Each structure stands twice: as structure tokens, then as C-alpha cells.
Amino acid sequence: ELRWYDAEGQFLRRAGGEGSGPGEFRSLGGVASRGSDSVIVWDRRNQQLSVFTEEGEFVGSFPIRVPGQVYGVFGDGTLLLGQPASLGDGFMRQEIILRRFHASTGEADSLGTYVGDEQIVETQPRGQGFMVRIQQPPFFRSGEFVVRGQMYLVSDQAQYEVRVFRNDGTLTSVVRVVRPDAPVRSEDVAAFQQRVLDGADGSALPALRRQFAESKYPEVFPAHGVMVVDALGNLWVQEYPKPGASTVEWLVFGADFRLLGPVTLPLALEVYAIGDDYVLGKWRDELDVEHVGTYELLKP
């Protein structure tokens, strides 16, 4: 189900529920605002999009037969979808096919193929079929895709470069930061391994230690971390989080993609949304309990 809360965290209303009927869900894949007056929800198993008003009223559903992940909603209500291409075996860089999906017609326009996540793929026979095991190596590079108005922004984290496209796939500009790559040091590897071991069940420790002994680590970190577009259209790009750190810096680029400056946030904060004067996100306390809350955003 969907639940609405006010800015103080007080519960307001709920909508939806489990099922395959109108306004119900079987596998919630994500939620996003569509304009200022509606919420759009995608359901993987029901293969449909459902639209609700801000007051929680169910408006209608649209079939979505194109598989993949919804990265965002364009200003005109169309969606940016990403579908992984076929997998090979071994270490590989995934490819993502991007499409612009029109909910009203069910049509999807191809926007091309882009670079996705680094993965280790292992195919093993199982009975009459096979099993595919996918792992992400330490300090892997990922494909970053975000929507801003009628544009989408793409980065492969191989270098500090964000490409800006119109929603028809036309490249309009490139945002770059020129600087040396950050090397992966032995103390970074040790801190990474210790963090994984600290969060693992005791029975899994021997297997993890064997895995660490066989793992290969890159010489340099990814050029940056995740990307977020705030409510004002500014682009926030996270520095790649270093193992053992407690905070992480974000670089903020304005609506014209000029650099506005850095902002430091707690590393444990998983950012959901950024407004004019707040950062909304989730973190876990020392007992691993999840908390959702806001940080005040102070501007000079």
C-alpha cells in the first residue's frame, strides 16, 4: 500500500493494497511524483502503472509490457525505462537499453543503449535448466540515470562526466570535472572487508574470508557516486564513498550546470529527495533500526 505523511512525519492516509484489482499491487517497483498533483506507481508482477491523486484517490491504471526499471518521470508524464541487455559469463559491464514510455498509448520510443553496472556473472546447470548468479565486485562502477524535467542525465562513473539528453535521445551538453582518479589503497580494502564482516552472520564468515582472498580490486575508485536532481532542478553528484568514512561530500551543479559548491552529508544517509531547504533520507542506528527524516539545508 501507499502511505502519505506530512512534513513532521504524521500519518495522513493510505491507499492501495495487495492484489491484482484496480489500484492494488503485487510487487511495488517504485513511486514517483507526476507533476504536482499526482503520484505514479509501477508494479512489476501486475505489469502496470497506477496513478493516484495527492489525496490518495485512485485515478486509473495503464499496462506496461516493457520489462525493466523505471528511472523517472519526464515533465510531460512519459517515463524513462531501462532494460538490461542479455548477459554473458564472467566479469562484464552491463548494457542498458533506455526507452521513453507513453502510458496513455503503451508505446515505447528507443533512446539507445548505455553502459550499466559492472558485474560478475556465473551460469551454472541446475536440473533441466540453469541458474544465473550475479555479483557486483568491490568498488564497482554503476550506470547512473536520472530525469530532470524534459531531460535525462547519464553517467557511467568511469570518469567524472555527466551527459545531458533531451527526452528524444538528443545530446545537449556534457558536465565534466577534471581531476586525478582516487587510488584504491590497502587500507581502503581492509576497511571495506571489515565493514562486510561486521554486518555478516557468524556462519557466513568463513565463506566471506575465502571470497575476499579471491577477490580482485580495481586500482582506482569510481569517479563519483550516485546522482540526485533536487526540487529546483539542481544536480547533486555524490563523491564516491570511501570505506571507513563517516561523511561524504556532494558537488551541486545549478540549473545551468555551473558548479554551485560542495555540501557534506552523513555517509549513512540514503538520500530520497532534496528540496529548497531540506534533505530527506533514511539511515540506520547502531541497532540497525531504520529511520526516515530530514536534515535542514543551510545556504550562504
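Rules behind the numbers
- Residues numbered from 1 in each chain as written.
- Predicted model: local features only at pLDDT ≥ 70, side-chain atom pairs only at ≥ 80, totals over all residues.
- Heavy atoms only, no water.
- Helix = DSSP H or I, 4+ residues; strand = E, 2+ residues; numbered from the N terminus.
- Buried < 20%, exposed > 50% of the residue type's maximum accessible area, 1.4 Å probe, protein only.
- Patch = residues over 30% accessible without salt bridge, like charges linked within 9 Å, V, L, I, M, F, W, Y side chains within 5 Å.
- Areas by Shrake-Rupley, 256 points an atom, 1.4 Å probe, with all protein chains shown as cover.
- Salt bridge = Lys/Arg side-chain N within 4 Å of Asp/Glu carboxyl O.

Participant: Help me understand the environment of V178, please; the structure alone is not making it clear to me.
Facilitator: With respect to the helices and strands, the residue V178 is situated in the loop between strand 15 (171-176) and helix 1 (186-198). Classification of V178 as exposed rests on a relative accessible area of 80%. Considering only alpha carbons, one finds V178 and Q193, 15 residues apart in sequence, at a separation of 30 Å.

Participant: It is not clear to me how a nonpolar patch on the surface should be interpreted in this structure. Could you clarify?
Facilitator: Taken together, the side chains of L87, F130, V132 and I134 present a nonpolar region at the surface, about 370 Å² in accessible area. With respect to the secondary-structure elements, F130 resides in strand 11 (residues 129-135).

Participant: What exactly am I supposed to notice about the pattern of salt bridges here?
Facilitator: Opposite charge on two side chains permits pairing when their charged atoms draw close. Counting across every chain of the model gives 16 salt bridges. The closest approach of N and O atoms between E1 and R14, which form a salt bridge, is 3.2 Å. Of this pair, E1 sits in the segment before strand 1 (2-5) while R14 sits in strand 2 (residues 11-15); the two residues are 13 residues apart in sequence, bridging distant segments of the chain. When the shortest N-O distance is used, the salt bridge between K299 and D276 registers 2.8 Å. One end of the pair, K299, is in the segment after strand 22 (290-296); the other, D276, is in the loop between strand 20 (270-274) and strand 21 (278-284), and 23 residues separate them in sequence. Connected via shared salt-bridge partners are E270, K282, R284, D288 and E290.

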